[in-house]
Each structure stands twice: as structure tokens, then as C-alpha cells.
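Residue strings, one per chain:
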Amino acid sequence: MPAPVPLPALHASHAGSWLRDAGATRTCSRGEAIMASADTPVLLLNAPLVATRLGYPDLSGLDLLELYAFVHPARFCVPTPRGLAHALDLDEPASDDAVPALLQQAAGVLLETCAADDWVEREGAWSALQSLMRLRWPWAQVLAPHVARPEKAEKWLFSRLPEWEEAPERPAPGQVLIEEPEIEAQLAHLTGAGSERREGQRAYARDVGKVFAPRGKRGAPHVLLAQAGTGIGKTLGYLAPASLWASAAQGTVWVSTYTKNLQRQLRGESRRAWPERRADGSQPVVVRKGRENYLCLLNLEDALQGGFGGRAAILAHLVARWAAYSRDGDMIGGDLPGWLGTLFRKRGIAALTDQRGECVYAGCPHYRKCFIERAARASAQADLVIANHALVMVNAARGRDHAQRPTRIVFDEGHHVFDAADSTFAAALSGQEAIELRRWIVGPERKSKGRRRGLAARLADVASYDEAGGEAIEAALEAAHALPSDGWLQRLHDGEPYGPLEALLAAVRGCVYARDESGGQEAGYGIETEAAGLPGPVIEAAGHAQAALAAIRRPLAKLAVRLEAVVEDAPDWLDGQGRARIEGARHSLAWRIDLLLAWEALLDRLGGPADPEFVDWLAVDRSEAREFDVGIHRRWLDPMKPFARVVLEPAHGVMLTSATLRDGEDWSSAVERAGTRHIEIEPHLASAESPFDYARRAEVLIVTDVKRGDLPALAGAYARLVEAAGGGVLGLFTAVRRLRAVHGRIADRLARAGLPLYAQHVDPIDTGTLVDIFRDDPAASLLGTDALRDGVDVPGHSLRCVVMEQVPWPRPDILHRARRAANGGGAYDDRIIRARLAQAFGRLIRSKDDAGHFVVLSAAFPSRLLSAFPPGTPVIRLTLAEALQRVAAGVSGGETARTVEDRQSS
Ligand code: SF4
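In this text the structure is predicted, and so the values were computed from the model without any measurement. (Residues numbered from 1 in each chain as written. Predicted model: local features only at pLDDT ≥ 70, side-chain atom pairs only at ≥ 80, totals over all residues. Heavy atoms only, no water.)

Asks: Which residues make up the overall build of the protein chain, and what values go with them?
Replies: Counting its regular elements, the protein chain contains 38 helices and 23 strands. Whereas a compact globule of 906 residues would reach a radius of gyration of roughly 29 Å, the protein chain reaches 29 Å, a difference of no more than 12%. The principal-axis extents of the C-alpha atoms in the protein chain amount to approximately 80 × 75 × 65 Å. Taking all 906 residues of the protein chain together, the buried fraction comes to 55%. Contacts in the protein chain between residues far apart in sequence, at least 24 positions, make up 76% of those at least 6 positions apart. If you sum the accessible surface of the protein chain, you get close to 37900 Å²; carbon and sulfur atoms cover 50% of it. Measuring between centres, the 107 positive side-chain charges of the protein chain sit 1 Å from its 115 negative side-chain charges. (Helix = DSSP H or I, 4+ residues; strand = E, 2+ residues; numbered from the N terminus. Rg over C-alpha atoms; globule rule 2.2 N^0.38 Å. Buried < 20%, exposed > 50% of the residue type's maximum accessible area, 1.4 Å probe, protein only. Contact = heavy atoms within 4.5 Å. Areas by Shrake-Rupley, 256 points an atom, 1.4 Å probe, with all protein chains shown as cover. Lys, Arg positive; Asp, Glu negative; His and termini not counted. Charge placed at Lys NZ, Arg CZ, Asp CG, Glu CD.)

Asks: Would you mind going over the site of the ligand in detail, with residue names and values included?
Replies: Near the ligand, the surroundings consist of Arg291, Cys296, Leu297, Leu298, Cys359, Val360, Cys364, Tyr367, Cys370 and Ile372. Residue composition of the shell around the ligand, grouped by class: nine nonpolar, no polar and one charged. (Near = heavy atom within 4 Å. Nonpolar A, V, L, I, M, F, W, Y, C, P; charged D, E, K, R; others polar.)

Asks: Let's hear about helix α20 (residues 431-442): which residues, and what values?
Replies: Counted at 1.5 Å a residue, the expected span for α20 with its 12 residues is 16 Å, and the 16 Å between its end C-alpha atoms agrees. The complete set of buried residues in α20 reads Gly431, Ala434, Ile435, Leu437, Arg438, Trp440, Ile441 and Val442. Among the residues trailing α20, glycine 443 stands out with phi positive, at a value near 85°. (Expected span 1.5 Å × (residues − 1).)

Asks: I'd like a rundown of the pattern of salt bridges, residues and numbers included.
Replies: Taken as a whole, this structure holds 50 salt bridges when the rule is applied. Between arginine 26 and glutamate 32 there is a salt bridge; the shortest N-O distance is 3.0 Å. Classification of glutamate 32 by relative accessible area gives partly exposed; the value is 38%. Note that aspartate 616 is salt-bridged to arginine 605, the shortest N-O span being 2.6 Å. Separated by 11 residues along the polypeptide, aspartate 616 in strand β13 (residues 614-623) and arginine 605 in the loop between α28 (576-604) and β13 bring together distant segments of the chain. (Salt bridge = Lys/Arg side-chain N within 4 Å of Asp/Glu carboxyl O.)

Asks: So, the sheet that holds strand β22 (residues 852-856): which residues are in play, and what are the values?
Replies: An order of β19-β20-β18-β21-β22-β17-β23 is seen for the seven strands of this open sheet, with the pairing classed as parallel. The sheet is open, and its two borders are formed by β19 (757-759) and β23 (875-878), each paired with just one other strand. Pairs of neighbouring strands in the sheet enclose a mean axial angle of 20°, with direction left out of account. Across four bridges, strand β17 (residues 698-703) lies against β23 in parallel orientation. Counted as the bridge partner of leucine 701 is isoleucine 876 from β23. The sheet strands contacting helix α32 (residues 711-725) are β18 (729-732), β20 (781-784), β21 (801-804) and β22, and the helix crosses β18 at an angle near 160°. (Pairing = 2+ DSSP bridges. Axes fitted to C-alpha atoms, helices over the stretch in contact; angles between N-to-C directions.)

Asks: Break down the side chain of glutamate 373 for me, citing the residues and quoting the values.
Replies: Residue position: glutamate 373 is located in helix α17 (residues 371-381). Among the polar contacts listed, one links the side chain of glutamate 373 to the side chain of arginine 377, at a separation of 2.8 Å. (Polar contact = N/O pair within 3.5 Å; in protein donor to acceptor, adjacent residues only side chain to side chain.)

Asks: Help me get a handle on the pairing of strand β3 (residues 24-28), residues and values and all.
Replies: Along any regular strand, the residues point their side chains to alternate faces of the sheet. The sheet contact formed by strand β2 (residues 16-21) and β3 spans five bridges and is antiparallel. Within β3, the position partnered with serine 17 by the bridge is cysteine 28. The hairpin turn running from β2 into β3, its antiparallel successor, is two residues long, and alanine 22 in that turn takes a positive phi close to 50°.

Asks: Lay out the sheet that holds strand β11 (residues 427-430) with the relevant residues and their values.
Replies: Reading across the sheet, the four strands line up as β11-β14-β13-β12 and stay open at both edges, with antiparallel pairing between neighbours. Single-partner strands in this sheet number two, and they are β11 and β12 (527-530). When strand polarity is set aside, the average angle formed by the axes of neighbouring strands in this sheet is 20°. Where β12 lies against β13, four bridges are found, and the strand directions are antiparallel.

Asks: Help me get a handle on the packing of aromatic side chains, residues and values and all.
Replies: Applying the stated rule across the entire model yields 12 aromatic pairs. Both rings, one in phenylalanine 70 and one in tryptophan 137, keep their centres 5.6 Å apart while their planes meet at 45°; by these two values the pair is tilted. Of the two residues, phenylalanine 70 sits in helix α3 (residues 64-71) while tryptophan 137 sits in the loop between α6 (125-134) and α7 (138-143), which places them 67 residues apart along the sequence. Judged on exposure class, the residue phenylalanine 70 and its partner tryptophan 137 are both buried. Seen in terms of ring centroids, tryptophan 156 and phenylalanine 158 are 4.6 Å apart; in terms of plane orientation they differ by 65°. Their pairing is edge-to-face. For tryptophan 156, a relative accessible area of 43% gives the class partly exposed. What links up through ring pairs into an aromatic cluster is the set Phe692, Tyr694, Phe841, Phe854 and Phe869. The ring of tryptophan 164 has arginine 377 lying over it, and the distance from NZ or CZ to the ring centre is 3.8 Å. (Phe/Tyr/Trp six-rings, centres within 6.5 Å; stacked < 30°, edge-to-face > 60°. Lys NZ or Arg CZ within 6 Å of the ring centre and 35° of its normal.)

Asks: Before we move on, can you summarise the nonpolar core with the specific residues and values?
Replies: Formed by 69 residues in total, the largest nonpolar core has its most connected members in Leu64, Phe70 and Leu300. Leucine 64 has contacts with Leu43, Leu44, Leu45, Leu84, Leu103, Ala106, Ala107, Leu110 and Trp139, leaving out every residue within four places of it along the chain. The next biggest cluster of nonpolar side chains, apart from the first, holds 57 residues, and it includes Leu489, Ala541, Leu549 and Leu589. (Core = buried A, V, L, I, M, F, W, Y, C linked by side-chain atoms within 4.5 Å.)

Asks: Any details on the side chain of serine 485? Residues and values, ideally.
Replies: Positionally, serine 485 belongs in the loop between α23 (467-480) and α24 (488-493). Non-local contacts of serine 485, meaning those with residues more than four positions away in its chain, are made with Ile435, Arg438, Arg491 and Glu502.

Asks: Break down helix α38 (residues 880-889) for me, with residues and values.
Replies: Where α38 is concerned, the buried positions are Leu880, Ala883, Leu884, Arg886 and Val887. Taken end-on, α38 shows its buried residues confined to a sector of 165°, consistent with a single buried face. Exposed and facing more than 90 degrees away from the buried side of α38 are Gln885, Ala888 and Ala889. Contacts made by the buried residues of α38 are with β17, α32, β22 and β23. One or two positions beyond α38, positive phi appears at glycine 890, with a value near 75°. (Arc of directions from axis to C-beta.)

Asks: An account of the packing of helix α18 (residues 389-398) against helix α29 (residues 640-648) is requested, with residue identities and associated values reported.
Replies: Here α18 crosses α29 at 70°, and the two axes come no closer than 9 Å. Relative to α29, α18 is oriented roughly perpendicular. α29 is crossed by α18, and the crossing has left-handed handedness. Counted together, Met393, Ala396 and Ala397 of α18 and Phe643, Val646 and Val647 of α29 form the full contact between these two elements. (Parallel < 35°, antiparallel > 145°, perpendicular 65-115°, else oblique. Left-handed = near helix turned anticlockwise from the far one by under 90°.)

Asks: Give me the lowdown on the environment of alanine 220, citing residues and values where you can.
Replies: Position of alanine 220 among the secondary structure elements: in the loop between α10 (199-209) and β6 (222-228). On the basis of relative accessible area, alanine 220 is assigned to the buried category, the value being 19%. Sequence separation of alanine 220 and glutamate 680 is 460 residues, and the distance between their C-alpha atoms is 8.1 Å. Not counting residues up to four positions away in its chain, the partners in contact with alanine 220 are Arg215 and Ile681.

Asks: Any details on the state of the cysteines? Residues and values, ideally.
Replies: By the definition in use, this model includes zero disulfides. Cysteine cysteine 114 shares no disulfide, and the gap to the nearest cysteine sulfur, in cysteine 77, comes to 15 Å. Under the relative-accessibility criterion, cysteine 114 is labelled buried at 1%. (Disulfide = S-S within 2.5 Å.)

Asks: Before we move on, could you go through the environment of methionine 35 and cite the residues and values that matter?
Replies: Following the sequence through the fold, methionine 35 ends up in helix α1 (residues 30-39). With a relative accessible area of 54%, methionine 35 lands in the exposed category. When the C-alpha atoms of methionine 35 and leucine 59 are compared, they prove to be 9.8 Å apart, with 24 residues separating the residues in sequence.

Below you can see the structure in the form of C-alpha cells.
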């Protein structure tokens, strides 16, 4: 065992602070802890979290997580003392006071790794360290004696990364029929010899097979809605027919998920059907995400060469270390630790991705090594592409390459397809959106560093070659000055908007404040008002803005025509790379022209009659009373209409599957929300019931004596439930404000009892990492909002109780009101609530050995909502004291509930 590093070490939790120096650990006050960290660099773990615990935002020190990211880039580590101990194969600390010694020990192990011959991630470390030394990274001096200078000069990252290969286009898939016996045999092969034969899973797989049959009529894909109860093994159930079809037809199946967690899981499960690489080295399975998820090497190069300063520059160097070892360059939910960005507290990670569509494609020196281009090419050759709902929809709507549009699609977590379509097909003309367009056209306007370039710079060669193209660029540039620029929000505030778009936003803002009656103004929330009966100044400003937008769109459209002409009548200098770059520019131009058209249509309607297909409203987006955007929004009343046209109609086979597709036994809303009626087809329906014994493994407890609105009582109930369960509680809230208030009241008390409590919107940790921490520590509990309701897959003992603070009513905003009115009023609300309850309940029992309680702290829980829970689950209305007893006793699996409501009679 390497010697511990003899530097002082500090740990702080909700239960207190501990400092170790001179070989002894002692508790210390917050003041002492802050003083100690100011005097000498101290070892600590997750500085932003420790800073929050100490209430001292400026805290800095030698963060073990930064050292870990340097030594083991692209390796997973849960960012807690316990997680670090696991990652380094050390004993986990038994209590808070053992943590400082662990930090010293962990530092010793990591430093010794750097000195060892078998350090896997050695390449590039010495060079990176020299740069980090110049940036005064606190660890650089400590590391220097341990990282030997290599004998041969190290290649720089950008020459080390491999290039992708161009491959011929895949022919259209063959028309094949997959027979049921083949599907069953493949399923048996995937589940493995000796695994139990699950009839539900087999029937499910056979049903899925029908989706891959040849299509009988143009515009009429096979559509299957498949309810798949938790635990039936749906992933292998659809991968079995999908893998057979992909191999027989030589085609690509897209599996689309809503959560990153399921993507990760699918990547693992797909290994049963496909090897990591084919004989020719290509990948049969590819994870594909939106481009804003990937590292942009050009941005990274810029950051490494002085584009970033201070801490952001240090982050860039750690990201460069990771890039050399990353599987696919995915920064968000891939193998870059989710906690790395938050250690640096700024939007450093986002600045390293291609957020603004500024990619210069073949004009980029790193084009042949670009992670995004690599993923796009690999997916064109793949048998299975694992993607997310938004990307599948965007690709179907405006994919760069027609041949790459998905035609066989499995939407897993299919209950989210409606929401994903809702955001994908939305339009918003807001200050933030408009300024993005301005930057895309005009480029950097201040002396900002960096490579960001406007349209003129990106197409300089075209402009000098083609006069009309050059004029169009000039005209677009000129017209784009009508768009908002930096400082627009302040100018709105000061009543001094500049230009027609800012004038419109100012009018919108004034109108929203004048008409808001939601109470959100005082509470600090966002506010909104309907786009109806608008005052004259708003309509007048909309007219001017509309003209200004058209003046930008016209030259862009002309430019698109010129680019097409240049490609068709290619000049000598236009090589393959130049052509690819112009194709890229045409693609992004088409997208901006569509955007401008959508904005113009939105403004056009403001003064006239409402379009019944859409819901339009004006909004001021605020967070804790701080405004961050102002704009006009448009949603489809039924977003499945564009979904049906763009995704379903051109496809051959589509399936939506989930454990919560149906409303109880009723299929009607699932069918409605699949969009099939818009293309006049009847979907096939199938269901496989969960094999779990909910009647014996779970109990729903409805607590009747915690009064609504009584915050101290709510916090007390949470604390006592966590204590009774001994941790392992997932607490779900419908309002961030209440979540924070409850956390603030109970976190210290629970920490002192050895029950750490983490919370979304409180702890400076990303949601994925919070779930990792929760999963890793059975004593931990986690509080959160919507994202946790169905983004958490924690089988086993770490999750044994789900607590909902109240019935999850939908927020009565303008959009909800319109949809509610169009879909049956109260019954529509009930369906939404039942779906939310079913999703939340679904977190509890993830495997056949799981058991636990689902607690709702709401006396007014209507019986008509109880069908959200699986048939047979005991539902008990009781007092908090009684609930605590039951939670403390656990669900034994054999106990009979005292008062089981007869749901049939309700
Ligand atoms: S090709 Fe585009 S996304 Fe890729 S590295 Fe270059 S600029 Fe970035």
C-alpha cells in the first residue's frame, strides 16, 4: 500500500467538518475549516460540494476528483468518499471522521500509479502536465515528481486520434420475412443457455417481429404499441427480432430511448447479439446523439491554445486527456465523468461542444478525426443505432442524408414520445433563440477570442468565386443586425430596446407583466399570457419584426440557390472536401430558413384569428425572479400530427413500447398519443404483464394526516420516513421550492444519523451523478423532481421507498389548459396523473427480489387514481405514525395488508 500523502485533508458533510493534519483527525468548526483551506492547500473531495456544505463559495484546494480525472480519464468513479474508495480498491470509510485519512491514502495511490510502469493512461500525461503547470493547476507541482518525462516526444492529441474511413453507401435493406420460430430461437440464444423460459417475453418478441415485415402500402408503416410490464425482459425481447432482421435484410434498426440510462443499458445488452467490431473493423452497434453532446476538436484546440483562461483552461486540458481515451467523444452522459464539468462551475463543457451549429465541416482541420462525423458515418453502416427520441425526430425531419433516415424504429420508453414530439416540433421566437441566429450569421462582434466565425468567413471562398453568392452573404449580414445583440435583456429592462426584434420583445415583456394573474410574478417563477386580444403596440411591433425577419430570410434563400449552383457546376478548386463543406453549409442554411419561416408565421398570426392547430403564448422565462428569456411560443395542439407525417409516414415499421403505455387497461389514450390516426392506420396492440408479485412485494401507503401546505409537517414526515427506512428513499416533489425547503430543514439531522441526503437543485452535482451516488450507497436518500420520476433505475436495496409529497397534478399553464379543453377536461388530467404515478411507482420494484413502499403524503388522494398501480398491489390509507411502523418493518413479501381498498368499487 503506498504511503498516504502527508498534506492536510478536509471533509465536510451536513453532519459537520473534519480536518486531518499532523497525523490526527479532529472535528472542526466551519470557520476553522475555511481558515485551514485558506492557509495551505488541503486535500478535499468535490470542492463545490464541500464549499456548499461550508457555506463558503470561494473554497479551493487539491480536489481528489481533478487528480482522478488526470490519472484515469474516461474511467467511472462515483464522486463520494465511498465511490473513490471503490474505484481505487481501498476500504470504504466507516464514518465521516475516517474520510480525511482516506483522502490522503487515495492521493498516495493515484500518485504512485503515475510512477508505475503499467499506468494505462500514461501517454500524453507529461505534456499535459507541462501545460497545467503553466496554468498553475494546484495538483501540477504535487504530480510533477511522479510523472516521468517520456524518452520520445509525445504526439499531440490531434495527431494521435484515429481518422474515420469513408465507406460506400449501404444499399436499401432487403425485403425479408422473419419467422416466429427463428425469433424464438434467437431469443433463447440471447437470453443464454439455462436461463428461465419466460412465456411473456417470447410472445412479446413474436409480436415485435411483425413490425419488420415488408410494408404493404406506401405511407402505411406497421405500427405496434406494446405494453411491456417491468421485468418481462423487453430489451432482449425486441433485440431478438431486430438483430435477425438487420442481419437478413442488411439494414439498420434504430432503437430510441428517452433517458441516457437506458441507452447505457442497451449498449450492454446489445453485446449479446452483436460483437464489438465486425471482421472489417466496423461497428455493428453505434450510440448516436445530438451533435451538441460531442466534443468539438476545433473548439478544444482553440481552448488549449489560449481561447480559455483560468480554471476553464485547466478543464480544457483535463478534457483533452479524456479525449485521447474516450470511446466516442460523448461528453454528456458518455464516458466523460458527469461531475467533471461541475467541478469547474462554469459552462466550460458546453463551450467545448458544437452548440451553435458553427461546424465548418470539411473546412475544419480535424474533420477526418471529428467524433461527430465518425458517429454519423458509423451509424450509416450499423445494424443497430441507439439514439434518443429527439434525435430520431430531428433526423427524420431534417437529416443531412436521406439514405440515413430511420425507417425501422423501436421507441423504448414510448410514453415519452408525445413530449419529445412536443418539443421537437415547437417554435419559439425568443431573445435567446434570435441572438443565436445573429451569431450564426454575423459571427463574433466583440473582441472575443475563439474560432467562432460568421457566415461570411465560413463561405469566404464561395463569396470570392460567385458574385451573386457574395452579395447574398453581404445582404444577410446587413439584415441580421436587426436581430437582438449582447445586452438585449438589460436594454429591455431599461426601456431602451435596439432594433425591431428587441422592440418586439420589449412589447411582449410589457404585455406579459401587465396581464399576468398567476401569482408567479411574486413567487419568482416564469410568467405567461395568451397570444389573444393583444394590444396595438405588440401587433405593430410584430409587423416590423416580421418584415425584418423576411429581409434576413430572402438573401439566405438566394445564397442556398447559389450554393446549389456552385456544387452542380463545380469549379476546378472545388475538391471533395470543399464540396462536403458546401453541402454542410446548404444543410444548415435550409434549417435556418425553415426557422425564419416558422417565426414569420408565428408573428403573422398575432393580429389575426387563432389557428386551431396551434397553441400560442407570450412568456417571460424567469428563475428565482431573474429573467433569462422573453419570447413568443408556439406548440402544436397535437404534436403527433407532425410526428405522424415526418416520422411514421416514411417509415416501414415503428414500435412504441413501455411499461406505462396504457392507462390501466385502457388503450384509447395510448393509441391517440401514437399519432397513427393522422395517417389513417390502426396500430397493432400487444401487452405482456409484469411477472413481479406486486401484491407481496410492494405496498402503497396514503398518509392522511400531513396537511397540505404545512411545510414543517411535510419536512418532518420526510425525515421520519428516511429514518424509518434507514435511507434508500427516493423523494419526489412537484415544486423545486418545496424540495429545497424540505432539504434545508432535514439534511443536517439525517446526516448526523449517518443517513446522507442528496438533492437535485440543491447539490452542485448533475442528475446522472446524483443517481450514481444514490445507487452506490444504501444509506443515502435522494430528493428530486420530474427527471427522477422515471429516469432512475436502481434495482436492489439502494431504493426501498418512494415518497411523493402530493398528487402530481399537471401545472395549469396555457398549453395544458388548451390540451385539457380539447381532450375531455378532468379525465385528461386524471390520465396524466395516473401515468405519472405509474412511472414513479415503477422506480420501486426493478427486479423480482425488490420490495418496498410507495408513500403519498396526501390526504386528498382520489380513489379514481388508484388504477395507476399494478393490479393486486395493497393500498392502505393510514396515519403517518402507522406508515412509519410499516416502513420500518419493511415489506416482508408475505404480509397481508390491513385495509386494502377495493379498487373495483371506486
Ligand atoms: S468538423 Fe465541425 S464539429 Fe467536428 S471538430 Fe471540426 S468544427 Fe468541430
